[in-house]
Each structure stands twice: as structure tokens, then as C-alpha cells.
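Chains, contacts and geometry: an overview
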Amino acid sequence: MIRHSLAFGLTLLLGTASLPAAETIAIVVGSKATAIEKDAADELATQWKRLFGVTVKRFQDTIPKSPDCRLAVLVGSTSTNPVTGHLPGFTWPKISNQGLVIQEIAVPTPPKVLVVGGGSPAATFWAVSELGHRLGVRYTFRQDFFPPQKPFKLPRFNIVEEPELRTRTWRTINDFAIGPESWGLEEHKRFIRQLAKMKFNRILMSVYAWQPFVDYRFRGVQRQTALHWFGEVLRVDGDTPGRVAFKGAKIFQNPDFAGLTTYKQKIAAGKKLMTGVIDTSHSLGMTVGLSTSVLEFPKEFADALPGSTKVHQLKSLTIGPGPTNKPDDPVLTELISTRIRAFLKTYPGLDALYVSVPEFPEWNAHAQAAWKELDNRKSLGDHSLEKLVTSARNRNLIASGDRGEASIKGNVVGMAFFCRLFDDGKLLKKPDGSSVELVIRQPDPALFPILDRVLPTGASTLNFVDYTARRIAESKQLLAQLPAKKVKASLIMTLADDNVGVLAQSTTQHIDTLTREIRKLGWDGFSTRYWIPGELDSTVHYLSRASWDAKTTRVSAHHDLWEGILGNRAGSERLLIGWNHLEDATHTLDKNAIGFGFPVPGMFLKHNSPGEPPKWFNDVNDHYTQWMIELYRVQGAPLHRNGSKQLLFYYAKRSEFNVAYLGAVKALKAAATARKAKDLDTAIEQMETAMDQLNGAMTSLADVAQGQSDRGLIATLANFAYRPLVKEYEKLLDEADK
């Protein structure tokens, strides 16, 4: 069902309340106010001091009658702030636990009264944030942007709103040094608070079997693997361009793990980090999920699971079921159960468990038997495995053809396995007896028509469909096949793909298309997918507004953010031109060279092949160049908000990085071409150009590095691009000497 804002959920400019700066505003909370509501009251006080310079006083359970108090803001709801239930002529509106209320109440005697609250403490925090937005504050995941202070003048508000999308999830941790795997707890805390202001309501911690976040023992085997970024060691000393960003460190590390060497130390640090993320999220009214592949285990458990096989990803760090480990293998089930219970015991604050549908080719031989098992459990009607295979083979997704067939067969076996594992609910119990929500992650789209009949009892879904927002938008008809009235479903929104990788990205155009589609179809919400936050402010702002207002478009959200930050429409228009170029660059790379900037060993030297760059490469370079030009043009516009010029300079330097990186790739290809032609002098010259360009690209990043993802990008480039290029250059010099 599509959820609409109530018709009267608009700001009605019917009049204004205006106060001299000397007069005070009372913020009234109830004696039953929760910590979140008290936080919301503090946030409101902080914002109004910056917006208007007014004196703010706090009161509990009473509206002051002093003559210098002309406005009382009641924060909370009737259940936590009793004053809201005793206002003449005011009835608390019927809202859900996510509904928010901002209403001026007509009272016979001063002070005037403004109610700011919600159907839950979290919704009260959102109401305060929404009020701030309507008074000119703009939230980004970096900081808040305020307009110049002005005399107090308050529009008359009559707002009652419900979200269009009820689950608004932000993913964190995951993998790679360029992403939040490298963030410490303090960076997470700052980021999560900003997300709460933008009304996100779930944090999803995505973790891998080789990371240092849980400890367990199984059949005499003690877990002992504790790695980051697939076990790579990223040097940032010596010849590292941009090493100033690391303040003397020799190795790039998550700051919460710096200097730790033993398994025990790393596990303790990992537990502290994830517990801190959970506690921070809960303190802001957000729920927390844990996502993991439950059928992968560190390789030390190979002997404890006879018949297991290595799982080949970037490295062979884990094991999974082998050909002899059938889906009903009791040892496998016991090992999975041990790992899940370890997570729930270590993190009792978890609200949801996300499990990925397994993709083990060895299990595909059991697909027909699994289909019969699912059909016996809940009739699948006239659907057949053969029809699903045909659908998977013929679709316009990356997982099509043989890969599509393997995916759907693996999904059928996986779903039957999960139904056996989770149907009775016992494995979802936490130590206190309560249960986590079960979410099945990435079911194959070919299963959508029968998804309600193949899921474990009570399970929700988080759906991937394809790697990028553009690719999903091109196959959006698949989304309509999911029975959204029967299955609670969220869509993974890829804001920036790791295959496009290290280059700047924006996909708001296609995110807009997908948001409209899932809203229309009655899906429950979305979860983000990204690595480097970089240029994602506009996209995140769009999601934060479109989740509540169906009229929001990509362009309207852009101007709402940037005209608000810059204080002028002209600058916002120029930025829109720039962002259009950034979107075009992203889509062109996605269409022609997905994997171009994948942040792994060999990422740069894979371009060391002779030949002219293709047309799409030159188009991408042109788009990034035009984006850079527009960013510097806006630098000359009048900017009146704190931090806005610094933010634009950050973008501009990052845009320089993209242009220089592409220049380095072009020079490397020219060197390879000359090398093939035995023109070693030209090859050396072009290789030196490539090194200079790459050095300059990394230095540009270091000039404006803000967080761990920025530093992680420099570290990744140093180890997987720059140093390998220098070694290749030295080989070329040796060739020339011979």
C-alpha cells in the first residue's frame, strides 16, 4: 500500500509569530520524556540559538506564564509530555509510530504554543529535524548548514506527516579500505547522528566471515581469523603520494584497531566498535540489523566441516559447503547455528538478522529436490523450476544466461535450506528470549512471483536485482512481480558501485526512478549501497526528502539542498549542470566499463595495453572535466553559509583527481602502444606522465581528505596503482638499458 502524507501536512503561511531578540522561548518536555526526546529538545534549542539568537529556557510539565515568554514549544507526545493532552481545542492526531506533528495551537492567553512531536520518541526527533529544515537548516552527512542569523519570525505550522517509505536503511562496515570498514566508532557516531536528522531509521552492519567481529568455537576448532580489507596490508609511508593525510602513520588502519596485533585484541576492538554502532543507533531511535553470509566460515574450520571447499572471492579466506555437503548436512547446520548464536550473544542489541541466499555451484544439483520440498511446504501452483530457469536465462541483468541459471537454482536450494533452518524461529532467539527480525538478502528476481511462498515464516526481504541503479531501472518491470502486499520488501539502492570504484559517482536520476517505482508498488523501503561517501550529499538528500514527500524529484531535491546551502539559485543551477555531467560520466562507465576502477590489486596496470582509448573513455573524461569546471565556477558565487565554500572546494579537488586519474590511464596506454612499437623513449616519457598524473591525483585527494574513506582511497591507490606503476616503469628502464 502506498503511504501518503496527510493532505494538511503542509506549512501554512497564515501568519507569523515575531519576537524581539530579548524575549525568550520556552521548550517544554514532559517528566516522562525519553532520552531521545530530551535530545530532540536540546537539538531544537541549539538550532534556534543559531537561527535567531534567541534565549531558550527549558521547562518540565508546565508552560511558563512569565511576561517575557511569548512562545512555548512542547516537545514530545501525549504519552510523554502531558501538557500536550491539556491544551484547549487541541486533539492529538491519529498517526503511526513514524508520524510527526508540528502544529501551532491557538490558545487564549500568552505564550503562544507550538507542538513538535511524533508517534514515537524517534519520530519526535524527526519532527524537530523537519522543523529545522523548514526554517532553513540543511543536513548533510558531514555537517549542518545554517542560514545567516535573523530576527525571530516563525511561520504558522500545521503539519501532520507519515513516511512514504517506512524502512530507510543505511548500510555500514562492509568491505574495502575506501568504505566504512575503515571508519572508527567516532566517525560512525557523527555520521549516524546526521542520518537520524535526515530521518533514516535503520543501520545495517554488513560483515564478512574473515573480519574481527565475533568469536566462537566449534567441535574443538577455535576461530582465529581477524582481518580487514581482505587481508591486504596498505603501506602509506615512504614514497606514498599524499602521505601528509596519514600524519606519519606507516600502515593504513581503522583507527580503532591501530597497533593491535593479536586475535584477542582485534576481536575486543571489533566488539567495541559494533556495540558502539548499535548503542548510538538505538540512542537516536534507529533499529540495527546485521548482514552476513551464514554459509561462509574462516578457513580454520575446514577440518570441522568434512567435505568443505574453499570459497574463491578476491582471496580464498573462507570455506563453504563442498560437493559432499548436502543441504541437509547436520554438521553444516550445527556450524551455521553456532555462528549465528555467537553473533546474537555478542550483540544482544541487534534488531534484525540479514542472511544472504547462498551461491554454491555444488548445490545446484539439488535444485529439483529443493523445488519439490518447497512445493510440498506451500503449493507453488503452476510454476515450475524450468520456467524460472528460462526467465533467469533470458533477462536483461548481469546474472543472465548460464550465470542466471546458476543463480536461480542456487536460490531454490538456498530457500529450502533457510526454511528448514529458520521456520521454527528458534535460531532467531536472543539471550533475553526476544527474537530478531529475519531478512532474506538478495533473493533472485526470478523468485519474485512466488516469493511469499518460498520465504521462511515471517521473513522480510532485501532485494538486489542488479549492480547499479541504472541497470535496475532498465529492468524495473521485474519489481512489479514481487507481491509487496504479502512480503515486506526493501530495495538495495546503489548510490556508488565498487565496480566503477574509485572514481566519483552520482546516480540520483535512476535512484529517483526506482524510488517512484517502489513507492507505487507498495514496497516497504530501501537500503543504501556505496563505498566512498564523497559526492553523495545530493543523492542522500533526495532519499531523505522523497521518502516522505511523493512530489520530490531529483531536480527539486537538488535545489532544495543547494539553494539552501549556497543562498542563491544561480549557484544551485550551475551545480545542477555539473552534477548532470557527473551522472553522465557514471552511467557511461557503467554501460561500457563496469569494473574500471575496482579497488583491488591490478586495478591500474590492467590498463597497460596498447591502443587508443575508446570513444566512451573520452566522453567520460569530458564529463568529469565539465563537472570540475562547474565546481570552480560556483566558487566565485556569493556563499553565505558556514562551510559551504569548503564543501565545494572538497568536491573540486576530488574532481581534479578524476581527471588526473583518467589522464594517467591514457598515458599508460600510450606508453604500452609505444613499447609495442619498440619506441622505448616515447614509452618512458608516457610512463613518466602517467606517474606524474597519478601522483597529482593522489595529492589532490590528500589536500582535502576529510575522513577515513578519503584516506583509504589514497592508501588503496598507493598500493594497487602507484607502486605497481613505479615497478613497471623500472622494468621499462631496464628494457631500455638492454
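As shown above, the structure is provided for reference.
What you see as residue numbers is a count from 1 along each chain, following the sequence as written. Local features in this predicted model are restricted to residues of pLDDT 70 or higher, and side-chain atom pairs are both shown and tallied only at a pLDDT of 80 or more, whereas totals for entire chains, interfaces and linings draw on every residue. With hydrogens and water set aside, each side-chain value is computed from the structure's full complement of heavy atoms.

Right, let's get into the side chain of His-623. Tracing the backbone through its elements, the reader meets His-623 in helix α15 (residues 615-634). The contact partners of His-623, leaving out residues within four places of it in the chain, are His-581, Asp-584, Ala-585 and Thr-588. Each helix is a run of DSSP H or I of at least 4 residues and each strand a run of E of at least 2, with the numbering of both proceeding from the N terminus. The contact rule is simple, with two residues in contact once any of their heavy atoms fall within 4.5 Å.

In this section: the pairing of strand β21 (residues 489-494). Three labels apply to residues, based on accessible area from a 1.4 Å probe with only protein chains included: buried if under 20% of the type maximum, exposed if over 50%, partly exposed otherwise in between. The element β21 is largely enclosed, with a buried count of 6 among its 6 residues. Residues of β21 alternate between two faces, with Ala-489, Leu-491 and Met-493 on one and Ser-490, Ile-492 and Thr-494 on the opposite face, all of them buried. As paired strands, strand β20 (residues 460-463) and β21 are joined by 3 bridges and run parallel to one another. Paired with Thr-461 across the two strands is Ala-489, which belongs to β21. Whether two strands pair depends on DSSP finding at least two bridges between them. Relative to strand β22 (residues 525-529), β21 runs parallel, the two being bridged by 5 bridges. Residue pairing across strands places Leu-491 opposite Phe-526, the latter belonging to β22. Crossovers are marked right-handed if the path from the first strand over the helix to the second runs clockwise, as seen with the strands pointing away from the viewer. The handedness of the β21 to β22 crossover, carried by helix α11 (residues 508-521), is right-handed.

Another point: the packing of aromatic side chains. Aromatic rings from Phe, Tyr and Trp, taking only the six-membered ring of Trp, are treated as a pair when their centres fall within 6.5 Å; an angle between ring planes under 30 degrees marks them as stacked, one over 60 as edge-to-face, and anything in between as tilted. The full count for this structure, using the stated rule, is 35 aromatic pairs. Geometrically, the ring pair formed by Trp-126 and Trp-548 is edge-to-face, given 5.9 Å between the ring centres and 75° between the ring planes. Taken together, the residues Trp-126 in helix α2 (residues 121-134) and Trp-548 in the loop between α12 (537-546) and α13 (554-566) connect sequence positions 422 residues apart. Ring-over charges, as used throughout, are those where CZ of Arg or NZ of Lys falls within 6 Å of the ring centre and within 35 degrees of the ring normal. Here the guanidinium or amino end of Arg-168 rests over the ring plane of Trp-126, the centre of that ring lying 5.0 Å away.

Moving on: helix α1 (residues 35-52). To estimate the expected span of a helix, count its residues, drop one, and scale the result by 1.5 Å. Taking 1.5 Å per residue as the helical rise, α1 with its 18 residues ought to reach 26 Å, and the 26 Å between its terminal C-alpha atoms agrees with that figure. Along α1, the positions that sit buried rather than exposed are Ile-36, Glu-37, Asp-39, Ala-40, Ala-41, Glu-43, Leu-44, Ala-45, Gln-47, Trp-48, Leu-51 and Phe-52. Directly after α1, the chain includes Gly-53, whose backbone phi takes a positive value near 70°.

Next up on the list: the sheet that holds strand β14 (residues 287-292). Judged by pairing direction, the barrel is parallel, and its 8 strands sit side by side in the order β10-β11-β14-β18-β19-β20-β21-β22 before closing back on the first. In this sheet, neighbouring strand axes are inclined to one another by 25° on average, regardless of whether the strands run parallel or antiparallel. Pairing of β14 with strand β18 (residues 352-356), which is carried by 4 bridges, proceeds in the parallel orientation. If you follow Leu-290 over to β18, its bridge partner there is Leu-353. Against the sheet, α11 touches β21 and β22, its axis set at about 175° to β21. An axis is simply a line fitted to the C-alpha atoms; with a helix, the fit covers only the stretch in contact. Between two such axes, the angle follows the N-to-C directions and lies from 0 to 180 degrees.

The next subject is the nonpolar core. The criterion is simple. A nonpolar core is a set of buried Ala, Val, Leu, Ile, Met, Phe, Trp, Tyr and Cys residues joined through side-chain atoms within 4.5 Å. Judged by nonpolar contacts, the single largest core of 149 residues is most densely connected at Trp-48 and Phe-422. Within the second largest apolar cluster, 79 residues are counted, among which are Ala-593, Tyr-624, Leu-680 and Ala-721.

Positionally, Phe-59 belongs in strand β3 (residues 55-60). Along the sequence, Phe-59 and Leu-350 sit 291 residues apart, while their C-alpha atoms lie 35 Å from each other.

Taken together, Asp-679, Asp-681, Glu-685, Glu-688 and Asp-692 make up a surface patch of like negative charges. Locating Asp-679 in the fold gives a position in the loop between α16 (644-676) and α17 (680-704). Among the residues examined, Asp-679 registers a relative accessible area of 34% and is labelled partly exposed. Patches in this entry comprise residues that are over 30% relatively accessible and not in a salt bridge; like charges within 9 Å are linked, as are nonpolar side chains (Val, Leu, Ile, Met, Phe, Trp, Tyr) within 5 Å. In short, Shrake-Rupley with a 1.4 Å probe defines the accessible areas, and a residue's cover is counted only from the protein chains shown. Here a salt bridge means any side-chain nitrogen of Lys or Arg lying within 4 Å of a carboxyl oxygen belonging to Asp or Glu. We treat Lys and Arg as the positive residues and Asp and Glu as the negative residues; His and chain ends play no part in the count. Just so you know, the charge point we use is NZ for Lys, CZ for Arg, CG for Asp and CD for Glu.

Assignment of secondary structure puts Leu-114 in strand β6 (residues 112-118). For Leu-114 and Tyr-542, which are 428 residues apart along the polypeptide, the C-alpha to C-alpha distance reads 28 Å.

Enumeration over the complete set of coordinates arrives at 46 salt bridges. A salt bridge links Arg-142 to Asp-537; the nearest nitrogen and oxygen atoms lie 2.9 Å apart. One end of the pair, Arg-142, is in the loop between β7 (138-139) and β8 (144-145); the other, Asp-537, is in helix α12, and 395 residues separate them in sequence. Accessibility expressed as a relative area gives 3% for Asp-537, which makes it buried. As a salt-bridge pair, Arg-377 and Asp-423 come within 2.8 Å of each other at their nearest N and O atoms. Residue Arg-377 is located in helix α6 (residues 367-377), and its partner Asp-423 is located in the loop between α8 (401-422) and β19 (437-441); the two are separated by 46 residues in the primary sequence. Look at Arg-377 and you get partly exposed, because its relative accessible area is 26%. A residue is classified by how much of its surface remains accessible, and Asp-423, at 27% relative accessible area, is partly exposed. One network of salt bridges, with partners in common, ties together Asp-39, Glu-43, Asp-144, Arg-193 and Lys-197.

Another aspect to go through is the sheet that holds strand β17 (residues 318-320). The sheet built from 3 strands is open, its strands ordered β15-β17-β16 with antiparallel pairing. Unpaired on one side and paired on the other, β15 (297-298) and β16 (309-311) mark the two borders of the sheet. Bridging between β16 and β17 involves 3 bridges; their strand directions are antiparallel. By the bridge assignment, Thr-309 is partnered in β17 with Gly-320.

Where α15 contacts α16, the two axes come as close as 9 Å, and the packing angle between them is 155°. With respect to α16, the element α15 is oriented roughly antiparallel. Once α15 is placed against α16, the crossing between them reads as left-handed. Facing α15, whose interface residues are Phe-617, Val-620, Asn-621, Tyr-624, Thr-625, Trp-627, Met-628, Leu-631, Tyr-632 and Val-634, α16 presents Leu-648, Tyr-651, Ala-652, Lys-653, Ser-655, Glu-656, Asn-658, Val-659, Leu-662, Val-665 and Lys-666. Basically, the charged four are Asp, Glu, Lys and Arg, the nonpolar ten are Ala, Val, Leu, Ile, Met, Phe, Trp, Tyr, Cys and Pro, and anything else, Gly included, counts as polar. Taken together, the residues of the contact of α15 with α16 break down into 14 nonpolar, 4 polar and 3 charged. Convention used here: angles under 35 degrees read as roughly parallel, angles over 145 as roughly antiparallel, angles from 65 to 115 as roughly perpendicular, and any remaining angle as oblique. By definition, any crossing whose near helix is turned counterclockwise from its far helix by less than a right angle is left-handed, and any crossing with a clockwise turn is right-handed.

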